[in-house]
Amino acid sequence: MRSPAERLRTEVAEVTPEGDEQACTDGVRRAILLDFDHTLFDTDRFFWVDLKSAFARFGVPDDAWEKSYEATWPSGYSLAKHLAELNRLGAMSEPATTRTMLAALDTAFSDLRPYLFPDVLEFLNTARRQGFDLILLSFGDPAWQSYKVRASGLAPYFQKIVYTAKQEGKAEVLDDLGQRYRELHAIDNNPADLDAMKARCPRLRTHLICRVEPSTTLEANGGSRDRFREAARYLSVPSRLPHHRCTSLAEVPLSCPE
Ligand SMILES: [Mg+2]
């Protein structure tokens with residue numbers, strides 16, 4: 001029986017290259033715009049559970065971790081910046097410790113494939129077989145987002161990857177894509193982003209995905225609060241426009257038009 005890592009490696013290798021077999025032959029160009037954090041990638045488990053625990057193993061207290069994270073985030077997150085901020089706060093001892101920590105964290109988190117939600121690779125492969133172009137729209141610091149996308153093995157699946165640090169960046173992409181594709185879908189966990197995209201391109205088929213397990217939000221304390229810490233915040237963001245709601249990619253209908 002193959003290990004999860006071996007299975008992931010095989011599935012990545014099975015990506016259909018662009019231009020290969022297309023199930024839809026009616027000439028209609030179609031594409032799916034996919035968000036990364038909390039949609040394809042379990043960002044909370046990576047960041048707020050495992051990365052935070054790794055810092056704790058080096059003696060960094062939780063409150064210092066959170067304070068330094070809040071200070072680091074606005075200028076674009078990176079592990080090196082986070083460690084520098086911990087140093088500035090006096091939460092780290094020697095420069096040698098910083099170097100040791102950075103090297104250990106780089107090694108421990110060089111492969112992020114285990115943080116993909118379990119339905120992701122099957123969905124991307126199916127969409128490609130059905131003739132969809134796949135476009136990743138990722139909000140956040142481009143260098144940090146690029147690291148996560150590369151380390152999770154997703155880059156080869158996409159015909160286009162857009163990293164944007166601008167709040168309205170995702171909607172702006174629609175100006176160009178709306179001209180190029182007759183059928184367009186967008187899948188995102190943030191209702192505000194879907195609203196902005198749909199306002200820009202009203203025929204966009206929007207799918208609002210929620211990966212938060214309901215049982216976890218009921219016990220909002222301690223470790224379980226961190227398990228869906230950032231994803232749960234989107235539950236209180238109102239939608240101005242209607243979107244198809246789902247909890248997994250399997251619920252997103254992909255079919256060729258008649
Ligand atoms: Mg997201």
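Residues numbered from 1 in each chain as written. Predicted model: local features only at pLDDT ≥ 70, side-chain atom pairs only at ≥ 80, totals over all residues.

(A) Representation of the overall build of the protein in the model. Helices and strands together make up the secondary structure of the protein, namely eleven helices and six strands. Per-residue burial for the protein yields a buried fraction of 30% across its 258 residues. (Helix = DSSP H or I, 4+ residues; strand = E, 2+ residues; numbered from the N terminus. Buried ≥ 20, exposed ≤ 12 C-beta atoms within 10 Å, placed from the backbone.)

(B) Molecular detail of the packing of helix H3 (residues 62-72) against helix H4 (residues 79-88). Running from N to C, H3 and H4 cross one another at 120 degrees; their axes reach a closest spacing of 9 Å. In terms of axis orientation, H3 runs oblique to H4. In this structure, H3 crosses over H4, and the sense of that crossing is right-handed. Contact with H3, carried on its side by Ala64, Ser68, Tyr69, Ala71 and Thr72, involves Lys81, His82, Glu85 and Leu86 of H4 and no other residues of that element. Its residues assigned to classes, the contact of H3 with H4 comprises four nonpolar, three polar and two charged. (Axes fitted to C-alpha atoms, helices over the stretch in contact; angles between N-to-C directions. Parallel < 35°, antiparallel > 145°, perpendicular 65-115°, else oblique. Left-handed = near helix turned anticlockwise from the far one by under 90°. Contact = placed C-beta atoms within 7 Å. Nonpolar A, V, L, I, M, F, W, Y, C, P; charged D, E, K, R; others polar.)

(C) Structural context of helix H7 (residues 142-151). When we look at burial in H7, the residues that qualify are Gln145, Lys148 and Val149. Projected down its long axis, H7 carries its buried residues within an arc of 95 degrees, all on one side. Immediately downstream of H7, the backbone of Gly153 shows phi near 75 degrees, a positive value. (Arc of directions from axis to C-beta.)

(D) Spotlight on H4. Those residues of H4 lying buried are His82, Leu83, Glu85 and Leu86. Considered in projection along H4, the buried side chains sweep an arc of 160 degrees and stay on one side of the axis. Remark: Gly90 follows H4 within two positions and exhibits a positive phi of approximately 80 degrees.

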